[in-house]
Amino acid sequence: MRNEKKSNSSSSLEPLSPTLSQGEREIAGVSRPESSKAELICAVDLGGTNLRAANIDCEGRIHERVRTVTPGSKPAADVVAAIAAAVRKCESECAKRGAHLGGISVVIPGSVQVETGVVFNAPNIPSLQGYGLAPALATVLGRPVLLENDANAAALGEMWQGAAQGCRTIICLTLGTGVGGGIILDGKLWRGADGTAGEIGHTSVEPFGGVQCGCGSVGCLEVYASATAIVRMTREVLAEHPSPLLHSIAADDLTSQKVCTAAMAGDERALEVFRRVGVYLGIGMANLINILNPEMIVVGGGVSGAWELFAQHARAEVMKRAFPVPGQRCRIVQAEGGDDAGLIGAAWLAFQNRP
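Numbers given to residues run from 1 along each chain, matching the order in which its sequence is written. The predicted nature of this model means local features are confined to residues of pLDDT at least 70 and side-chain atom pairs, given and counted, to a pLDDT of 80 or more, with totals for whole chains, interfaces and linings taken over all residues. Remark: hydrogens and water are excluded; side-chain values derive from all non-hydrogen atoms of the structure.

(A) Up close: the overall build of the chain. Check the secondary structure of the chain and you find ten helices and 13 strands. Burial classes: relative accessible area under 20% of the type maximum marks a residue as buried, over 50% as exposed, and values in between as partly exposed (1.4 Å probe, protein chains only). Relative to its full complement of 355 residues, the chain shows a buried share of 55%. Approximately 14700 Å² of the chain is accessible, and the part contributed by carbon and sulfur atoms is 51%. Numbering of helices and strands runs from the N terminus; a helix is a DSSP stretch of H or I covering at least four residues, while a strand is a stretch of E covering at least two. Residue-level accessible areas treat just the shown protein chains as cover; the underlying method is Shrake-Rupley with a 1.4 Å probe.

(B) Layout of the nonpolar core. In this description, a nonpolar core means a group of buried Ala, Val, Leu, Ile, Met, Phe, Trp, Tyr and Cys residues linked to one another through side-chain atoms lying within 4.5 Å. Counting 68 residues, the largest nonpolar core has Ile-83, Val-106 and Leu-133 as the members making the most contacts within it. Counting residues per element, this core draws most heavily on helix H1 (residues 76-96), which supplies ten residues. It only takes one pair of heavy atoms within 4.5 Å for two residues to be counted as in contact. Residue contacts for Leu-133: discarding those within four places in its chain leaves Val-80, Ile-83, Ile-108, Gly-117, Val-119, Leu-128 and Leu-147.

(C) Inspection of empty space enclosed by the protein at higher detail. Definitions used throughout: a 1 Å grid over protein atoms alone; a cavity as a set of points that fits a 1.4 Å probe which cannot get out; a pocket as an open set with protein on both sides within 12 Å along at least five of seven lines; a lining residue as one with an atom within 4 Å of a point. Grid points are joined across faces, edges and corners, and a volume is the space filled by probe spheres set on the points. As a volume, the largest cavity reaches approximately 50 Å³. Considering the residues around the largest cavity, the lining is formed by Gly-110, Ser-111, Asn-149, Ala-151, Gly-180, Gly-181, Gly-195, Thr-196, Ala-197, Gly-198 and Glu-199. Polarity classes work like this: nonpolar for Ala, Val, Leu, Ile, Met, Phe, Trp, Tyr, Cys and Pro, charged for Asp, Glu, Lys and Arg, and polar for all others, with Gly in that last group. Here the lining of the largest cavity is built from residues that sort into two nonpolar, eight polar and one charged.

(D) Local environment of the sheet that holds strand E9 (residues 170-175). Any two strands between which DSSP finds at least two bridges are classified as paired. The sheet built from five strands is open, its strands ordered E11-E10-E9-E12-E13 with mixed pairing. In this open sheet, the two strands that pair with only one neighbour each are strand E11 (188-189) and strand E13 (331-334). Helix H3 (residues 150-161) rests against E9, strand E10 (179-185), E11 and strand E12 (296-300) of the sheet, and its axis sits at about 55 degrees to E10. Axis geometry follows a simple rule: fit a line to the C-alpha atoms, using only the stretch in contact for helices, then measure angles between N-to-C directions, giving values from 0 to 180 degrees. Contacts between helix H8 (residues 307-321) and the sheet are confined to E9, E12 and E13, with E13 contributing the most and set at about 170 degrees to the helix.

(E) Broad picture of the pattern of salt bridges. Whenever a carboxyl oxygen of Asp or Glu lies within 4 Å of a side-chain nitrogen of Lys or Arg, that contact is scored as a salt bridge. Counting across every chain of the model gives 15 salt bridges. Asp-340 serves as the salt-bridge partner of Arg-65, at 2.9 Å between the closest nitrogen and oxygen. Of this pair, Arg-65 sits in strand E4 (residues 62-69) while Asp-340 is found in the loop between E13 and helix H10 (341-353), placing the two residues 275 residues apart along the sequence. Judged on exposure class, the residue Arg-65 and its partner Asp-340 are both buried. In this structure, Glu-272 engages Arg-276 in a salt bridge whose closest nitrogen and oxygen atoms are separated by 3.0 Å.

(F) A look at the pairing of E12. Burial of E12 is extensive: five of the five residues sit out of reach of the surface. Residues of E12 alternate between two faces, with Met-296, Val-298 and Gly-300 on one and Ile-297 and Val-299 on the opposite face, all of them buried. Here five bridges tie E9 to E12, and the two strands are oriented parallel to one another. Paired with Ile-171 across the two strands is Ile-297, which belongs to E12. The pairing of E12 with E13 spans four bridges and is parallel. Each bridged residue has a counterpart across the sheet, and for Val-299 the counterpart in E13 is Gln-334.

(G) Expanded view of the layout of surface pockets. Within this model, the largest pocket holds a volume of roughly 920 Å³. Along the walls of the largest pocket sit 44 residues, with Leu-175, Gly-176, Thr-177, Gly-178 and Gly-302 positioned nearest its centre. Contributions of two or more residues to the lining of the largest pocket are made by strand E3 (50-56), H3, E9, E10, helix H5 (227-240), helix H6 (256-264) and H10. Broken down by element, the residue count for the lining of the largest pocket peaks at four residues, all from H3.

(H) How the structure looks around unusual backbone geometry. Of note, the phi angle at Asp-186 is positive, near 50 degrees, even though the residue is not glycine. Positionally, Asp-186 belongs in the loop between E10 and E11. In this structure, Asn-293 is a non-glycine residue whose phi angle is positive, near 50 degrees. One can find Asn-293 in the loop between helix H7 (268-292) and E12.

(I) Just the side chain of Thr-234, in detail. By the element assignment, Thr-234 lies in helix H5. By relative accessible area, which is 2% here, Thr-234 ends up buried. Not counting residues up to four positions away in its chain, the partners in contact with Thr-234 are Leu-246, Leu-254, Val-259 and Val-273.

(J) Region of the structure containing the state of the cysteines. In what follows, a disulfide is any cysteine sulfur pair within 2.5 Å. Summed over all chains, the structure comprises zero disulfides. Here Cys-94 is not disulfide-linked; the sulfur of Cys-42 is the nearest cysteine sulfur, at 8.8 Å. Exposure remark for Cys-94: the relative accessible area of 1% places this residue in the buried category. Counting only cysteine sulfurs, Cys-220 is the nearest neighbor of Cys-215, a cysteine outside any disulfide, at a range of 3.7 Å. Accessibility expressed as a relative area gives 34% for Cys-215, which makes it partly exposed.

(K) View of the environment of Glu-236. By the element assignment, Glu-236 lies in helix H5. Classification of Glu-236 as partly exposed rests on a relative accessible area of 38%. It is 9.6 Å that separates the C-alpha atoms of Glu-236 and Val-273, two residues lying 37 residues apart in sequence.

(L) Structural context of helix H2 (residues 133-141). Turning to H2, its buried residues are Leu-133, Ala-134, Ala-136, Leu-137 and Leu-141. Along the long axis of H2, the arc covered by the buried residues comes to 160 degrees, so they all point the same way. In the core, the buried residues of H2 are packed alongside H1, strand E5 (100-108), strand E7 (118-121) and strand E8 (146-149). Positioned one or two residues after H2, Gly-142 has a phi angle of 75 degrees, which is positive. By arc we mean the arc of the directions from the helix axis to the C-beta atoms, nothing more.

What follows is the structure, encoded as structure tokens:
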């Protein structure tokens, strides 16, 4: 299901003062940050499963990459060490080409306080809860580190280089291990009064009798439209109705990718799971459209690779629930940045915040 456009190698290294913390800088219409082409940003995307880093230039082009497994179940110090090791690899490659590393930007799947670099909500990486990640990294790396929510960064990446170029009011949903959200209103990244805006994955779409979410609530969109949700819902369906294509897969070997493959092959149980994903996603989208009246909703993350399996169900639910004018106006599209959107958005932020 993954839609990674810029990666062309399976190796771990592939050659190829936060003024924005109030979310007040406009980005719509900006083709590139003002910067020397010899200056690169090391952008790091700390996902719930994988940690990825890349050197990115002022035109949004990726030059070197590093990928490793996120040490999510280990102490915060191990997460810091893993990020620092990835940054140092990128910095080493940057120096080999005679380029200058102009900044470091890290995005994570959780709520962050941009001004202080503290993580105050990270359900999928619990060791970072309440942890000063940016200050810890700055101490280890010897230079400032910018910290941002990954879905906010993905929204910026899609606005700068992806599906939402030319738009000024968009919502970006990232469907991966969890469900993230980024909101750009009239060309400005919206973080809210406390920096927690955009937690769309933790809006409730099934409040009564819903599945409990890692955040502590029940019925969140994340437990119905994420990769982990697809696996859980598939197990629930298979418990009542066996599947010809899925019955041979051991319960602990089931993945969202395997469910997608079965659905593509016409398996009815797998198709039903993706229908449910689309319906719940459509409920959440309709709420967003009625409240914010966006020009576009961009859907990215690994699950978006199964777009054709759930998009029509989501659109149908939107048209049933959203007000007609904003519902018809809002374009619902697949992200173009793939896994790179968050990295590119992180780089954009760092270019804007360099000294």
